[in-house]
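# Structural features, examined
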Amino acid sequence: MSENKEVLAEKVREFEERTGHTVDSYPDDPNNTASMLKEHRYLSEPLTDGEAAKRIFIRSRRSFLTAGAAAVAGILGWSWISSETKTALYRSSFEFNESLSRAFFRPSQLAKEFPLSSVTPIRTNGYEGLEGEIDPAKWTLAVGGLAGRVDDLILTLDDIKKMPRADLVTEFKCIEGWSTIVHWTGVLFSDFAAAYPPKTRSGAPPDVAGSPHDLVEYVSLNTPDEKYYVGWDMPSILHPQTLLAYEMNGQPLRPENGAPLRLASATKYGIKQIKRIGRIEFTNERPKDFWAEYGYDWYSGL
Amino acid sequence: MPKQLEKKHPLAIRWLHWINFPLLALMIWSGLLIYWANPVYGIRLFGYELFKFFPQGFYDALSVPQRLAEGMQIHFFFMWLFAINGVVYVIYTIVSGEWRAIVPVPGSLKRAPYVALHDAHIIKKAPPQGKYNDAQRLSYTSVILMGAGSVLTGLAIYKPLQLSWLTALFGGYEWARWIHFWLTISFVLFFLVHVLQVAMAGWRNFNSMITGYDVVDVPVDTKELPIQSGEDAAT
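Residues numbered from 1 in each chain as written. Chains lettered and ligands numbered in written order. Predicted model: local features only at pLDDT ≥ 70, side-chain atom pairs only at ≥ 80, totals over all residues.

## Quick notes on the overall build of chain A
- A tally of regular secondary structure across chain A gives seven helices and 11 strands.
- A compact globule built from 302 residues would reach a C-alpha radius of gyration of about 19 Å, whereas chain A, at 33 Å, exceeds it by more than 25%.
- Seen along its three principal axes, the alpha-carbon backbone of chain A occupies a region of about 110 × 50 × 40 Å.
- Counting the 302 residues in chain A, one finds 32% classified as buried. (Helix = DSSP H or I, 4+ residues; strand = E, 2+ residues; numbered from the N terminus. Rg over C-alpha atoms; globule rule 2.2 N^0.38 Å. Buried ≥ 20, exposed ≤ 12 C-beta atoms within 10 Å, placed from the backbone.)

This is the structure in structure tokens:
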């Protein structure tokens, strides 16, 4: 009996030496972490070295063939797909994300507003469509797609400024990843749309506040030279934190920030907040969008 | 010495683990393409910048510059697969009981440093463990929580208006982006340590993540041993 114990003790020392584990650590010492949570082990019957090696070899061969085939299929499959197909795939994934985002969009969901003291220095980015100078006194805004008329309505800056003033101090977010806090002053786009109502889908008289869902789906905006253009979905542009802005941080807009009139909104990235607006059109067709043509998300909603 | 085959990793865990590898790699790569457009983070000490994420040579070597749109395309497509794979993994881990091997247990924090000391060959004996040691329990649980953190901070940056409560939870838009960035750096560090540890653990351990099986010694029946505890050994 004691001889047997000696043999076992020798085995234990050998096991500990070889594995670095104490023998009582696995599996049924109460201090063992496996036993604390009743971790299970799944063990085969005892095997000879040769039999164990043979079985693991067969399993390895099968698993490596499967894994290798999966990896090769994945890599070859992905490289086989043309770049046009990938672009289409990415575009439809943007559109899927957009539809999900729009399904949960609520005009009552507001972005955080900041005190005036939080305003940070202006950071200017994006000069497309801003070539040449513009005289605010001579500038006019053309508005198309209005209910009850075919031709564009022409407005002056004074016409815009006659509408109720609104202030918005929110975090402006550039698609590049930076943000600044800006104080915008202007006219709520929803007020503008109520004053100059868009066409409806049903043909019924428009009711911007009461039944916005009947309005045409989109708004297209572009600079006077038409070199920069953006498309907006109607719910985002009617959101209570979207302005037609003519002042920035208490000063009239500077040319590089979009004088005389630009869009400012907490609902979308800066690329959508078009500067120096020349024309606005209400439309049922999804408008073209400058940066979407370079592969960015058309919706770009926050 | 007689051997046994031990089933260590279920088929589902192995697939989910290996699918996660390219998905996480694509998320990090596309994240880098996006980060490049506003690369503001670094390690600063007493106002002195020790390291800037990232040096220009790093971007140039990987041809990162001017690919923001592409980065966003990849990021906002593969985010779904990454998140779904992660959610399926967590559900499977809970339902199958595999969580028992992964979550920390009382004393894990205390024992984990000894695991590290043992791995560094400073001490000879490893602390008692189950399938995974305490350092593994802590790091595998952390990396799952990091995945959840990346998804949540990602959503906070992606939809700061619609999910403004979530953005606020992370301290606002700028902080959410900062946390998202550092979680990514942590994934890279985890990956480096993980690969090093797997390399040190040897082929059979790596093989078990492919096949599911390892070859183990038939455990010594401890009940027959005279040295179970100090007292017994003294008799």
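On we go.
## Some words on the nonpolar core
All names here are of chain A.
- Ranked by internal contacts, the top residues of the largest apolar core, which has 52 residues, are W184, F189, L221, L243, L244, A245 and I277.
- Looking at this core, the element that brings in the most residues is strand β8 (residues 242–248), giving five residues.
- Dropping the residues within four chain positions of it, F189 is found in contact with I237, L238, T242, L243 and L244. (Core = buried A, V, L, I, M, F, W, Y, C linked by C-beta atoms within 7 Å. Contact = placed C-beta atoms within 7 Å.)

## Focus: the sheet that holds strand β6 (residues 218–222) of chain A
Residue and element names in this part refer to chain A.
- The strand order β3-β2-β11-β6-β7 describes an open sheet built from five strands, whose pairing is mixed. Whereas interior strands pair on both sides, the edge strands pair on one side only; in this sheet they are β3 (153–156) and β7 (229–233). The mean angle between the axes of side-by-side strands here comes to 20 degrees, regardless of whether they run parallel or antiparallel.
- Bridge count for β6 against strand β11 (residues 279–283) is five bridges, and the pairing is antiparallel. What sits directly across from Y218, in β11, is T283. (Pairing = 2+ DSSP bridges. Axes fitted to C-alpha atoms, helices over the stretch in contact; angles between N-to-C directions.)

## Remarks on the sheet that holds strand β1 (residues 3–7) of chain B
- Pairing within the open sheet is antiparallel, and its three strands lie in the order β1(A)-β1(B)-β4(B). Each edge of the open sheet is held by one strand with a lone partner, namely β1 (42–43) of chain A together with β4 (213–217) of chain B.
- The sheet contacts of helix α3 (residues 49–80) of chain A involve β1 and β4 of chain B, and relative to β1 of chain B the element is tilted by about 25 degrees.

Spatial relationships are all this shows, so hold off on functional conclusions.
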